[in-house]
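Chains, contacts and geometry: an overview
Here are the chains, one letter per residue:
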Amino acid sequence: DIMAATEVTIQLDSIIEIFITESATLIPQVSGGTGSYSYLWSPPDFLSCTTCDITTASPLFDMEYVLLVIDENGCTDVAVVDIIVREELFIPNSFTPNGDGTNDTFSAVSRLVQNYEMLIFNRWGELIYETDKIDAGWNGFHNGKECQQGVYVYKISVKFWSGKAKEYIGQVNLLR
């Protein structure tokens, strides 16, 4: 009896989301075909291995990778995976500057920022705090005096390591 060769098939996640500075492990499930497989990932940019079955991708921006699998008879299949790279900035909506060591300052949180500027305004539009350091949060004081409990407006300008710039404008609640 002559057995008909089965087609080579690849199953691979089509979209994977990561945060910038993180990696995605690409694990294809390959079946069918004859004998052992050869693998070719492309483009090679930000990949740990281009000829391995499993590889790690660490792109700095959105990338599309193509996997070509070839069996011993030259039968092939192709799979595509899109890696979406997210750049995130977490901005809390309130803080409690009461000296208890928890949530005492207001600032954005991110590991991905190259340049940063935060401005805080009171309800009359007066600038009451500014910093260019992401880890230097506002402590709820202005000119050495406690600011009243209430809503304040922030304007945060960032430049991510990828080069993208973004501006965030919103409100923060100072709770006493």
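Please refer to the structure placed before this passage.
Turning our attention to the packing of aromatic side chains. Per the stated rule, a full pass over the model turns up 6 aromatic pairs. Considering the side-chain rings of Y37 and Y39, the 6.3 Å spacing of their centres and the 70° angle between planes classify their relative orientation as edge-to-face. With relative accessibility at 24%, the residue Y37 sits in the partly exposed group. Ring centres of F46 and F61 lie 5.5 Å apart, and the angle between their planes is 90°; on these two criteria the pair is classed as edge-to-face. With F46 in the loop between β5 (38–42) and β6 (55–57) and F61 in the loop between β6 and β7 (63–70), the pair connects residues that are 15 residues apart, well separated along the chain. A relative accessible area of 30% means that F46 is categorised as partly exposed.

The biggest cluster of nonpolar side chains holds 42 residues, and the ones touching the most others in it are L26, I120, W138 and I156. Among the elements that line this core, the one with the most residues is strand β14 (residues 150–160), at 5 residues.

One pass over the full model with this rule turns up 1 disulfide. The side chain of C49 participates in a disulfide bridge whose partner is C52; the two sulfur atoms lie 1.9 Å from each other. The S-S bond linking C49 to C52 shows a torsion near 80°; that makes this disulfide right-handed. Owing to a relative accessible area of 16%, C49 belongs among the buried residues under this scheme. The exposure class assigned to C52 is partly exposed, which follows from its relative accessible area of 28%.

Analysis parameters
Residues numbered from 1 in each chain as written. Predicted model: local features only at pLDDT ≥ 70, side-chain atom pairs only at ≥ 80, totals over all residues. Heavy atoms only, no water. Phe/Tyr/Trp six-rings, centres within 6.5 Å; stacked < 30°, edge-to-face > 60°. Buried < 20%, exposed > 50% of the residue type's maximum accessible area, 1.4 Å probe, protein only. Helix = DSSP H or I, 4+ residues; strand = E, 2+ residues; numbered from the N terminus. Core = buried A, V, L, I, M, F, W, Y, C linked by side-chain atoms within 4.5 Å. Disulfide = S-S within 2.5 Å.

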